[in-house]
2 protein chains.
Amino acid sequence: MRDHGGNLDVAIRRFGGRLEDWIDLSTGINRRPYPVGELPSRSWAALPSRAEIDTLHEAARSAYGTRAPVLAVAGAQAAIQMLPRLARAGQARILAPTYNEYEPVLASAGWQVEEAGDLDTLGGADLAVVVNPNNPDGYQHDATSLLGLASRVKHLVVDESFADVIPAASLAAEAGRGGLLILRSFGKFFGLAGLRLGFVLGCESDIAALADMAGPWPVSGAAIEIGRRALLDRGWAEATRARLLRDAARLDGLAEGAGWKLIGGTPLFRLYDCGDAIAAQERLARAKIWSRIFQGKPGWLRLGLPGDETEWNRLAAALSAR
Amino acid sequence: MRDHGGNLDVAIRRFGGRLEDWIDLSTGINRRPYPVGELPSRSWAALPSRAEIDTLHEAARSAYGTRAPVLAVAGAQAAIQMLPRLARAGQARILAPTYNEYEPVLASAGWQVEEAGDLDTLGGADLAVVVNPNNPDGYQHDATSLLGLASRVKHLVVDESFADVIPAASLAAEAGRGGLLILRSFGKFFGLAGLRLGFVLGCESDIAALADMAGPWPVSGAAIEIGRRALLDRGWAEATRARLLRDAARLDGLAEGAGWKLIGGTPLFRLYDCGDAIAAQERLARAKIWSRIFQGKPGWLRLGLPGDETEWNRLAAALSAR
């Protein structure tokens, strides 16, 4: 399996402990999740009805600010798994470095995949992928550049898995144009990655093709019920965005105290240059705090934000222990 | 959307009422579900780890009685969606009449699909599909015939979505042979269709290929936790099988009283010849009980089993109201 962060098995094999001993900061998943609450028994027992799925789609349109066709899928990853079949395999270009699932999924389905270092180089591709804001460095592209690129490729996939924390970065209002696909993650911002929920926004024909691939019941009853509630809860979203902004600054402060240099990030994760990332990861791991490092980037370490004060204290202690 | 039963939207559009007014007997989903219980917060919040998914696979092997490779997927339907890509599109043959998703999913992926009336006619296909016990008539094939067929096709898919109620009908002990794929549904017997959980049993290379298509997080944290508990709960399974057998006989008694003739079924659903199935469906629907009828089979009506006594009483009243 490719390394995505979030797989504590690796941490436990190397550094011991049980799942519940670890603070997992190796992902960008919010550690103060949306409250799940009670679920009606129907959510567990019944096949989701078309009308129930439609209410979820409507909530997503409202939250993301679009009137375009929307498809709920079992996480943004489920959308990535389907992408290669949206068109005949051709030339795909991915703005790199970024989330490491696009390349192998496209390549194994017969696409010719190239990494590109800037937006311009993506032009002319049959399928171009831009993660915006980017993971792991948080880099943001403006709407004008992305729409310009969209007109120079057959399909442009804009992965907005981390856009909930920076709504102004989203291209959702432009969804519906032919060839433009926007991927949204539910689990990261709402802290419910185990629910497996995400969305694709796109034009009618692409969404219809993806819906056909996803089948009649692509998400669980719990995902429909909790997703709908959470996406319509504007108060929670605003308070959470404000809290994450404050917490990101707090994390930067701790990192600075440890001598790390901020490279970039979003309010859900921060990327630091630690000099020796392997040593930094091990130092945190001895305190049962898991982080993410990157092959070929010896200084890079990405950290999600701690949740409660206990977690902040453990991180602060680990960073000050030399 | 194709008619599968379970879509109460159609019933509500035609006969009124709200979701909660209806007793949905249009599926074969057990209406007395496995108790969901409390879930650890990790099930909601975290990405499922490889080790957690492995414990679910181990529970499935134990419950189904196999040592073969197993893959958890988001319902048996999710496995059907992936089938067409398991091999280069060729000649597929489906033993009919049966579950109506195989034909369109395979055909839309470029397979040449034929329906066959008996096992022998499936021989020679690149991909053969047998639902055993069959939906909607409950027909059972013996292991010897199925294994004989397996040796005469490239891939044999045995859909055992309803085998939990008739464990002796399962070919799971033979899983692992090259070309044999066994599909299991979790949601029907355990009454938790909204959870979206199912399994594929197969040989190493096929399961690896399907795992690649399904991606790193194919099922939710709740599905992993509840699935593992339920699959290991032999006491519940045995009591439920006994109860369903009794209830199936009770349903047959009610149907006989209404002048319907039993065609077949499993302890999760019964197929009756009502003479005029459209009229019979409407009669039940006026009492807000939804059933399943079949195009081209004017007499056929399929009924799932009521859950509690209130539901039995409503069904008995609807059947005796003339």
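None of the values given here were measured: they were computed from a predicted structure. Residues take numbers from 1 onward in each chain, read along the sequence in its written order. Starting at A for chains and at 1 for ligands, labels are handed out in the order in which the entities are written. The predicted nature of this model means local features are confined to residues of pLDDT at least 70 and side-chain atom pairs, given and counted, to a pLDDT of 80 or more, with totals for whole chains, interfaces and linings taken over all residues. Note that water and hydrogens are dropped before the side-chain values are worked out from all heavy atoms of the structure.

Break down the pattern of salt bridges for me, citing the residues and quoting the values.
Residue and element names in this part refer to chain A. Any Lys or Arg side-chain nitrogen located within 4 Å of an Asp or Glu carboxyl oxygen qualifies as a salt bridge. Throughout the structure, instances matching the rule amount to 36 salt bridges over all chains. The partner of Glu225 in a salt bridge is Arg229, and the shortest N-O contact between them spans 3.1 Å. Taken together, the residues Glu225 and Arg229, both in helix H9 (residues 221-231) and four residues apart, mark about one turn of the helix. Remark: exposure states derive from per-residue accessible area (1.4 Å probe, protein chains only) relative to the maximum for the residue type, with buried under 20%, exposed over 50%, and partly exposed in between. Arg229 gets classed as partly exposed once you look at its relative accessible area, which sits at 25%. The network of salt bridges with shared partners includes Arg18, Glu20 and Asp21. In DSSP terms, a helix is any run of H or I states spanning at least four residues, a strand is any run of E spanning at least two, and both are numbered starting from the N terminus.

Which residues make up the interface of chain A and chain B, and what values do they have?
By convention, interface size is frequently given as the accessible area that disappears when the constituent parts associate. By definition in these notes, contact holds between two residues if any of their heavy atoms fall within 4.5 Å. If you look at the interface, chain A gives 45 residues, while chain B gives 44 residues. For the pairing of chain A and chain B, the buried interface totals around 3,400 Å² over both sides, and the portion due to carbon and sulfur atoms is 61%. Among the residues of chain A in contact with chain B, Trp44, Leu47 and Trp217 of chain A are the three that bury the most area, contributing 21% of the side total. The term polar contact refers here to a pair of N or O atoms within 3.5 Å; inside protein, the definition further demands a hydrogen-donor-capable atom paired with an acceptor-capable atom, and it admits residues adjacent in sequence only when both atoms are side-chain atoms. Across the chain A-chain B interface, the total number found is 22 residue pairs in polar contact (both at pLDDT 80 or more). Among the elements of the structure, helix H1 (8-15), helix H2 (41-45), helix H3 (50-64), helix H4 (76-82), helix H8 (204-214) and H9 of chain A are those that each provide at least two residues to the side of chain A that touches chain B. Residue contributions to the side of chain A that touches chain B peak at four residues, all from H2 of chain A. Amino acids are sorted into nonpolar (Ala, Val, Leu, Ile, Met, Phe, Trp, Tyr, Cys and Pro), charged (Asp, Glu, Lys and Arg) and polar (every other residue, Gly among them). When grouped by side-chain class, the residues that make up the side of chain A that touches chain B number 24 nonpolar, 13 polar and eight charged. Two parts lose some accessible area (1.4 Å probe) when they are put together, and adding that loss for both gives the buried area.

Pulling in residues and values, what's your account of the sheet that holds strand S3 (residues 91-95) of chain A?
Pairing between the strands of a sheet comes from backbone hydrogen bonds, and it takes one of two forms, parallel or antiparallel. Residue and element names in this part refer to chain A. Pairing between strands is defined by DSSP: at least two bridges between the two strands are required. A sheet is described by the order of its strands in space; here seven strands give the open sequence S2-S8-S7-S6-S5-S3-S4, paired in mixed fashion. A strand with exactly one partner marks an edge of an open sheet, and here the two such strands are strand S2 (70-73) and strand S4 (112-116). When the angles between neighbouring strand axes are averaged without regard to direction, this sheet yields 20°. The pairing of strand S6 (residues 155-159) with strand S7 (residues 180-185) spans four bridges and is parallel. Of the residues in S7, the one forming a bridge with Val157 is Leu181. Axes here refer to lines fitted to C-alpha atoms; in helices the fit is confined to the stretch in contact. Angles between the N-to-C directions go from 0 to 180 degrees.

Describe the sheet that holds strand S10 (residues 269-273) of chain B, listing the residues and the values that go with them.
Residue and element names in this part refer to chain B. An order of S9-S10-S13-S12 is seen for the four strands of this open sheet, with the pairing classed as antiparallel. Whereas interior strands pair on both sides, the edge strands pair on one side only; in this sheet they are strand S9 (261-266) and strand S12 (292-294). Ignoring which end each strand starts from, the neighbouring axes of this sheet average 25° apart. The pairing of S10 with strand S13 (residues 297-304) spans five bridges and is classified as antiparallel. By the bridge assignment, Tyr272 is partnered in S13 with Leu301. Each of S9, S10 and S13 is contacted by helix H10 (residues 234-257), which is oriented at about 20° to S10, the strand it contacts most. With respect to the sheet, helix H11 (residues 277-286) is in contact with S12 and S13, its orientation differing from that of S13 by roughly 35°.

Could you give an account of the relation of the copies chain A and chain B, naming the residues involved and the relevant values?
Superposing chain A onto chain B takes a rotation of 180° combined with a translation of 0.0 Å along the rotation axis, leaving an RMSD of 0.0 Å. Taken together, the rotation and translation describe the operation of a two-fold axis. Here 98% of the interface residues in chain A have copies in chain B that are interface residues too; the copies meet face to matching face. Superposition of the copies used a least-squares fit over C-alpha atoms from residues whose pLDDT is at least 70 in both.

I'd love a proper account of H11 of chain B, names of residues and values included.
Residue and element names in this part refer to chain B. All of the buried residues along H11 are Ala277, Ala280, Gln281, Arg283, Leu284 and Ala285. Lining the buried residues of H11 we find helix H1 (8-15), strand S11 (289-290), S12, S13 and helix H12 (309-320). At the N-terminal end of H11, a side-chain oxygen is found 3.2 Å from the backbone nitrogen of Ile278, two or three residues along, and the residue is Asp276. The first or second residue beyond H11 is Lys288, which carries a positive phi of 60°.

Please set out the nonpolar core residue by residue, giving values where relevant.
The set of buried Ala, Val, Leu, Ile, Met, Phe, Trp, Tyr and Cys residues whose side-chain atoms join them within 4.5 Å is what this entry labels a nonpolar core. Judged by nonpolar contacts, the single largest core of 148 residues is most densely connected at Trp44, Phe199 and Trp260 of chain A together with Trp44, Phe199 and Trp260 of chain B. When neighbours within four sequence positions are excluded, Trp44 of chain A is seen to be in contact with Leu39 of chain A together with Val36, Leu39, Trp44, Gly191, Leu192, Ala193, Gly194, Leu195, Ala222 and Ile226 of chain B. Core analysis: the next-biggest nonpolar cluster, separate from the first, contains 29 residues, Leu47 of chain A together with Ile80, Ala193 and Met213 of chain B among them.

Would you mind going over the environment of Gly202 of chain A in detail, with residue names and values included?
Residues and elements named next belong to chain A. Counting through the fold element by element, Gly202 comes out in the loop between strand S8 (198-201) and H8. Judged by relative accessible area, which is 0%, Gly202 ranks as buried. For Gly202 and Arg31, which are 171 residues apart along the polypeptide, the C-alpha to C-alpha distance reads 30 Å. Discounting residues that sit within four places of it in the chain, Gly202 has contacts with Ala68, Pro69, Gly176, Leu180, Leu181 and Ile207.

Break down the environment of Gly299 of chain A for me, with residues and values.
Position of Gly299 of chain A relative to the elements: it lies in strand S13 (residues 297-304). Separated by 265 residues in sequence, Gly299 of chain A and Tyr34 of chain A have C-alpha atoms that sit 33 Å apart.

So what about the side chain of Glu225 of chain B? Which residues, and what values?
Residues and elements named next belong to chain B. In this structure Glu225 comes out as buried when scored by relative accessible area, which is 15%. Engagement of the side chain of Glu225 in a polar contact is seen with the side chain of Arg229, the distance being 3.1 Å. Ignoring sequence-local partners within four residues, the contact set of Glu225 consists of Leu39, Pro40 and Ser43.

How would you sum up the packing of H3 of chain A against H9 of chain A? Please name residues and give values.
Residue and element names in this part refer to chain A. Put simply, H3 and H9 touch, their axes get as near as 9 Å, and they point 30° apart. Considering their axes alone, H3 and H9 lie roughly parallel with respect to each other. In the crossing of H3 with H9, the sense of the turn from one axis to the other is left-handed. Here Glu52, Ile53, Thr55, Leu56, Ala59, Ala60, Ala63 and Tyr64 of H3 lie close against H9, whose contacting residues are Ala223, Ile224, Gly227, Arg228 and Leu231. Among the residues making up the contact of H3 with H9, the classes are represented as nine nonpolar, two polar and two charged. Angle categories are assigned with fixed cut-offs, so that under 35 degrees is roughly parallel, over 145 is roughly antiparallel, 65 to 115 is roughly perpendicular, and the rest are oblique. The crossing is said to be left-handed when, going from far helix to near helix, the turn is anticlockwise and less than a right angle, and right-handed when the turn is clockwise.

As far as function goes, none of this settles anything; it's purely spatial.
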